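Secondary and tertiary structure notes
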Amino acid sequence: MMGRLRAMREPLKYVQGRDALLKFHEEMGYMGKRWLFVCSNSGYKACHDKIEKSFEGLDDYRRYEVFGGISSNGEINKMKAIVEQDNIDTVVAVGGGSAVDTAKATAYYSGKHIVIVPTVAATDAPCTGLSVIYNDDHSFDKYLFYPTNPDAVMVDTTVIANAPVKFLIAGMGDALGTYFEGRASIRTESASLEGTGITRAGQALARLCYDTLREYGKQAIEACKVHAVTPALENIVEANVYLSGVGADNVNCAAAHSFYNGVTSLGIKHADHGCCVALGTLVQLVLEGAPKEEFKEVQDFCLEVGLPVTLEEIGVTTPEQVKTISENACIPGETIHNLAGDVQPVELYDAIMQADAMGKIALGK
């Protein structure tokens, strides 16, 4: 660790609040006069009118492109061509993870400003300095790491409160791993996700993320169910998007995210990222030999907010599937190797089985 320079990475500007998009131009206007909005279908519907209202009386050029659905090389090239043709100053992502990843890549390759407007708080992708890029046939291509994080992130909590509550819950699952994966990385003196030494500030954000989830998670879910923007909802959106994103970037991932990557190798359609990371966090605690009290604290949180505690809840039903998860989660380069000791597939298999057994007990099965 001593040989590495410690570093912190975060968006240059983070803005969050009720109807924040009505102040889009007021907050972002310094980035230029010509704007390309890369929108998901639902993102366009939820945000277009508010963004347009913020430009009232101004002659800025605005182009909205409803995006093709996956952050593929073909989609990125299409957006790059628009940036050049229309002489765009700033690319704005409006939507979920794929729209965000496409817009980030477009801005990076074109040398333009990038603003992220997430429409769900389902992952911590908006604040991070990387994208997941796919081939045009939807197969995984690469992680694209950027030299900086986005110029700005703007979260309109009214938009988040009106999105399905399952996205908020999934975001809490993704955020749940941040502290425990970061703690594991610090124990082994691993680099941060950005390849630098880990700062105390990064550790503190990761810890605050976990504390915020536990204190406000249940209240925020109830607020979201009735589309209410309350302090609890604001706190959880900040935890899911900012504390988790900046926290993870400046600490690292470990077994929880490797578990998710292992699950994706099964091709299960409904095993979403945040839910798998939550269960993976419980698996990681088993691998680490965490005391009973700590395991129960995390498991109780999952039960309280509706995150999975058993394999069946993410669609995994056979020992063969668990074996496949274990093997794929332990391949070279996976973040599970940030744990102390070199985790072998057989050890991960056994930890998954124990976490699942404990989950069944908790559910009374």
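Rules behind the numbers
- Residues numbered from 1 in each chain as written.
- Predicted model: local features only at pLDDT ≥ 70, side-chain atom pairs only at ≥ 80, totals over all residues.
- Heavy atoms only, no water.
- Patch = residues over 30% accessible without salt bridge, like charges linked within 9 Å, V, L, I, M, F, W, Y side chains within 5 Å.
- Areas by Shrake-Rupley, 256 points an atom, 1.4 Å probe, with all protein chains shown as cover.
- Salt bridge = Lys/Arg side-chain N within 4 Å of Asp/Glu carboxyl O.
- Helix = DSSP H or I, 4+ residues; strand = E, 2+ residues; numbered from the N terminus.
- Buried < 20%, exposed > 50% of the residue type's maximum accessible area, 1.4 Å probe, protein only.
- Axes fitted to C-alpha atoms, helices over the stretch in contact; angles between N-to-C directions.
- Parallel < 35°, antiparallel > 145°, perpendicular 65-115°, else oblique.
- Left-handed = near helix turned anticlockwise from the far one by under 90°.
- Contact = heavy atoms within 4.5 Å.
- Phe/Tyr/Trp six-rings, centres within 6.5 Å; stacked < 30°, edge-to-face > 60°.
- Lys NZ or Arg CZ within 6 Å of the ring centre and 35° of its normal.

With that settled, consider a nonpolar patch on the surface. Together, Phe 140, Tyr 143 and Phe 145 make up a nonpolar patch on the protein surface, roughly 330 Å² of accessible area in all. Mapped onto the secondary structure, Tyr 143 falls in strand β7 (residues 140–145). Relative accessible area serves as the criterion here: at 43%, Tyr 143 is assigned to the partly exposed category.

As a further point, take the packing of helix α7 (residues 200–225) against helix α11 (residues 292–305). As a packed pair, α7 and α11 sit with axes 9 Å apart at the nearest point and diverge in direction by 20°. As judged from the angle between their axes, α7 and α11 are roughly parallel. For the pair α7 and α11, the crossing hand works out as left-handed. Within the contact between the two elements, α7 uses Tyr 210, Leu 213, Arg 214, Gly 217, Lys 218 and Ile 221 and α11 uses Glu 297, Val 298, Phe 301, Glu 304 and Val 305.

Under the counting rule described, the total for this entry stands at 12 aromatic pairs. A centroid spacing of 5.5 Å and a plane angle of 70° characterise the contact between Phe 24 and Trp 35, whose relative ring orientation is edge-to-face. Highlighted residues: Phe 24 in helix α1 (residues 24–28) and Trp 35 in strand β2 (residues 34–39), separated in sequence by 11 residues. The class of Phe 24 is buried, set by a relative accessible area of 0%. Taken together, the ring pairs connect Phe 24, Trp 35, Phe 37, Tyr 44, Phe 55 and Tyr 64 into an aromatic cluster. For Arg 34, the ring lying beneath its charged end belongs to Tyr 61, and the centroid distance is 4.2 Å. One Lys or Arg, Arg 207, reaches over the ring of Tyr 179 and ends 4.6 Å from the middle of that ring.

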